[in-house]
Amino acid sequence: MAIPKVVLNDGYKLPKVGLGTFQLRGGIGYHQIISAIKDGYRSIDSATNYDNEGIVGKAIRDSGVPRDQIFVSSKLPGKYHGYDDALNAIKESLARMGLEYFDLYLIHWPLPKRGLYVEAWKALVTAQKLGLIKSIGVSNFEPEHLDKIIAETGVTPSVNQIEIHPYWVNDQRVQEDAKRGIVTEAWSPLGRGSSALSEPIVKKLAEKYDKNVGQIILRWHIQRGIVPLPKSTNLKHQRANLDVFDFELTDDEVKAINTLDRQDGRIDGQDPNEYEEFE
Ligand code: A2P
């Protein structure tokens, strides 16, 4: 089954579910990505910091699916936020993947204390003009970071990828993205396999719709207009996670899952205003 797509603000189309690849590495990761593509995944999300661009690119090249039918994303690490460093990092990232271009490339974290994310954004704008990237976006950006890069360059990101799962509903940021015409992607959309998957409301809905708990949570994202990037090392789950387009939760059911939200619900407490990654 073809995966429905959302149109980004630059006209490119992003599949409504993608494969997260954090911790998919080495030979096992390679085979898991190949099998995900064979099962129908057409969006693969990687990052330089995941240390897997080599096998992700190889799996895409070896999959037998034409390059222009797979939406490939990666992300810029914090230590390369300077303009020249960022441009070089993008080229190195492409070389590791063995690809000519990225469909989407994101600034991984804003690192506001370092204060170089506008430089990084200018490099992504240049890389887009050079044809190295089709869509440019950001990850973990707060509304004020979005406004700053838009004001300084006149270019709005197509995507903001942020943490969202039933314990971290993050509704305000999703709305702030939408207001600016930015599509929100969710990282760790299943709460990284946490107890959110066994919450009674989620189990009840799984029974009602004859779906598994992961599928209920993914459907909740999709109905909120969010593009989830679930990870799974289990081939049955990988397949199930694409099979979420033949049922619909009611508005009240979406709201019921929203009530699982917690003040301290972030998986690793990573606040984008504070979080630093320079490796
Ligand atoms: P597994 O690898 O055994 O499938 P996230 O994408 O939020 O990081 O969550 C990943 C976690 O969710 C993994 O532990 C994964 O376990 C589990 N998972 C993925 N898909 C499903 C599913 N459909 N049902 C239940 N658990 C799932």
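- With an unreviewed UniProt entry as reference, the protein is termed Oxidoreductase, source organism Ligilactobacillus pobuzihii.
- Annotation of the protein in UniProt includes, under Sequence similarities (unreviewed entry), the sentence "Belongs to the aldo/keto reductase family."

**Looking at the packing of aromatic side chains**
Item 1. One pass over the structure, following the stated rule, counts six aromatic pairs.
Item 2. Taking the centre distance of 5.3 Å and the plane angle of 55° together, the rings of phenylalanine 22 and tyrosine 50 count as tilted. With phenylalanine 22 in the loop between strand S3 (19–20) and helix H1 (26–39) and tyrosine 50 in the loop between strand S4 (43–45) and helix H2 (53–62), this pair connects stretches of sequence that are 28 residues apart.
Item 3. With relative accessibility at 10%, the residue tyrosine 50 sits in the buried group.
Item 4. Aromatic side chains tyrosine 117 and phenylalanine 141 sit 5.4 Å apart centroid to centroid with 75° between the ring planes, which places their arrangement in the edge-to-face category.

**Description of the UniProt feature "binding site: substrate" (unreviewed entry) in the protein**
Item 1. According to UniProt, the feature "binding site: substrate" (unreviewed entry) maps to His108 in the numbering used here.
Item 2. By the element assignment, histidine 108 lies in the loop between strand S6 (102–107) and helix H4 (117–129).
Item 3. Beyond its immediate sequence surroundings of up to four residues, histidine 108 is in contact with Ala47, Asn49, Tyr50, Lys75, Leu76, Ser139, Asn140 and Glu277.

Here is what the cut-offs are and how they apply
Residues numbered from 1 in each chain as written. Predicted model: local features only at pLDDT ≥ 70, side-chain atom pairs only at ≥ 80, totals over all residues. Heavy atoms only, no water. UniProt positions renumbered as here; feature names shortened; annotations may be inferred. Phe/Tyr/Trp six-rings, centres within 6.5 Å; stacked < 30°, edge-to-face > 60°. Helix = DSSP H or I, 4+ residues; strand = E, 2+ residues; numbered from the N terminus. Buried < 20%, exposed > 50% of the residue type's maximum accessible area, 1.4 Å probe, protein only. Contact = heavy atoms within 4.5 Å.

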